[in-house]
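This is what each chain is made of:
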Amino acid sequence: MLDRDRIVPQLKNGRHEWGLILGDYADSTNLKVKEMAEHGAAEGVTIIVDRQTAGRGRLGRSFHSPEGGLYLSTLLRPADPDPGQITCCAAVAAARAIESLCDANIDIKWVNDLYLNGRKVAGILAEGVFAPDGTLTAVVLGIGINVGEMTFPADLQPIATSLGNEGFALTREDLAAAFLNELTAVLADPTAMAEYRRRNLVLGRQVTVMRGGETYPATAEAITAEGYLLVRDEQGNTRELSSGEVSVRL
Ligand code: BTN
């Protein structure tokens, strides 16, 4: 389990009072924070575990979550919750946090993946919390970062890596604190979307769009202020993607 005394002294609380809950494992830290949110938990409650038994990824996928990773979910209650924008802010915050602790260069792949040396090193999942009347009241922001030396199943080996596997040594405690501090800064930083675009691997590239059962080639042209991806398809039409996924040859 992470050492609380090596996280808490590093936290600059800023807008949030981070209420840290550390554990050995959870099914999914996002699910746990969501349950707490539905029972009225305050902004900033944060769960971090050593491994997850049912880690959740985007688009209903699972997220490989063995020991060696940082699995963190935090509750945000902004006045106007927007899971898409929070995803973009979290990507920038995580990239800054990693780079503040080691010499790695972190790229972002729209919309929620962090890449290191051409492979995925972290994923982000922001999920809405809804009141009984359907109003979006809060966002659970979850991030999984492959930190230590890790082995991946055969299907992930060509596409996933960890900071440790790429030769970078950092502690999960330092990374957790740096991420939460950067998150506070990025959420209040009007230049964050510019940095999100600058770090993005897809802009100007040929991509394959996969959305709702449809797959088509396109060129990724821009990312809007809301974090939507604008692509031009082969018929010359501009399409706005608020969800879905693109693949790009790296
Ligand atoms: C993705 O790559 O599709 C998103 C992965 C998000 C994983 C994190 S790990 C902490 C939090 N708990 C989860 O179950 N998922 C997120």
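What counts, and at which threshold
Residues numbered from 1 in each chain as written. Predicted model: local features only at pLDDT ≥ 70, side-chain atom pairs only at ≥ 80, totals over all residues. Heavy atoms only, no water. Buried < 20%, exposed > 50% of the residue type's maximum accessible area, 1.4 Å probe, protein only. Helix = DSSP H or I, 4+ residues; strand = E, 2+ residues; numbered from the N terminus. Arc of directions from axis to C-beta. Contact = heavy atoms within 4.5 Å. Expected span 1.5 Å × (residues − 1). Core = buried A, V, L, I, M, F, W, Y, C linked by side-chain atoms within 4.5 Å. Domains from an automatic or database assignment. Salt bridge = Lys/Arg side-chain N within 4 Å of Asp/Glu carboxyl O. Axes fitted to C-alpha atoms, helices over the stretch in contact; angles between N-to-C directions. Parallel < 35°, antiparallel > 145°, perpendicular 65-115°, else oblique. Left-handed = near helix turned anticlockwise from the far one by under 90°. Nonpolar A, V, L, I, M, F, W, Y, C, P; charged D, E, K, R; others polar.

**Q** So what's going on with helix H1 (residues 29-38)? Residues and values would help.
**A** Residues of H1 that are buried: Thr-29, Asn-30, Val-33, Lys-34 and Ala-37. Angularly, the buried residues of H1 cover 135° about the axis, an arc narrow enough to put them on a single face. Check the buried side of H1 and you find it contacts strand E1 (19-26), strand E2 (45-52), strand E3 (69-76), strand E6 (119-130) and strand E7 (136-146). At the exit of H1 stands Gly-40, carrying a positive phi of roughly 90°.

**Q** Tell me about helix H3 (residues 172-187), and please be specific about residues and values.
**A** Because each turn of an α-helix spans 3.6 residues, side chains separated by three or four positions end up pointing in the same direction. For H3, which comprises 16 residues, the first-to-last C-alpha distance of 22 Å matches the rise-based estimate of 22 Å (1.5 Å per residue) to within 8%. Within H3, 12 of the 16 residues are buried, which leaves it mostly tucked inside the rest of the structure. Packing partners of the buried residues in H3 comprise E1, E2, E3, helix H2 (83-101), E7 and helix H4 (192-199).

**Q** Tell me what's going on with the nonpolar core, and back it up with residues and numbers.
**A** If you look at the biggest cluster of nonpolar residues, it comprises 64 residues, and the most contacted ones within it are Leu-163, Phe-179 and Tyr-196. A total of 11 residues in this core trace back to one element, the largest contributor, which is H2. Residue contributions to this core reach at least three from each of two domains, namely domain 1 (4-199) and domain 2 (206-248). Other than its neighbours up to four places away in sequence, Tyr-196 contacts Cys-88, Ala-91, Val-92, Ile-108, Trp-110, Val-111 and Ile-223. By size, the runner-up hydrophobic cluster in this structure holds 16 residues, among which are Phe-63, Leu-75, Val-140 and Phe-152.

**Q** Could you give an account of the pattern of salt bridges, with specific residues and numbers?
**A** Taken as a whole and judged by the stated rule, the model has 16 salt bridges. When the shortest N-O distance is used, the salt bridge between Lys-34 and Glu-127 registers 3.9 Å. Note that Lys-34 is positioned in helix H1 and Glu-127 in strand E6, a separation of 93 residues in sequence. You'll find Lys-34 and Glu-127 in the same group, each marked buried. Note on Glu-127: relative accessible area 12%, which makes it buried. Among the charged side chains, a network of salt bridges with common partners joins Arg-96, Glu-99, Glu-182, Asp-189, Glu-195 and Arg-199.

**Q** Let's hear about the packing of H2 against H3: which residues, and what values?
**A** One way to put it is that H2 packs onto H3 with a least axis distance of 8 Å and a crossing angle of 135°. With respect to H3, the axis of H2 lies oblique. Every pair of crossing elements has a handedness; the one defined by H2 and H3 is right-handed. Along the contact surface, H2 presents Ile-86, Cys-89, Ala-90, Val-92, Ala-93, Ala-94, Arg-96, Ala-97, Ile-98, Ser-100 and Leu-101, while H3 presents Asp-174, Leu-175, Ala-178, Phe-179, Glu-182, Leu-183, Val-186 and Leu-187. When its residues are assigned to classes, the contact of H2 with H3 shows 15 nonpolar, 1 polar and 3 charged.

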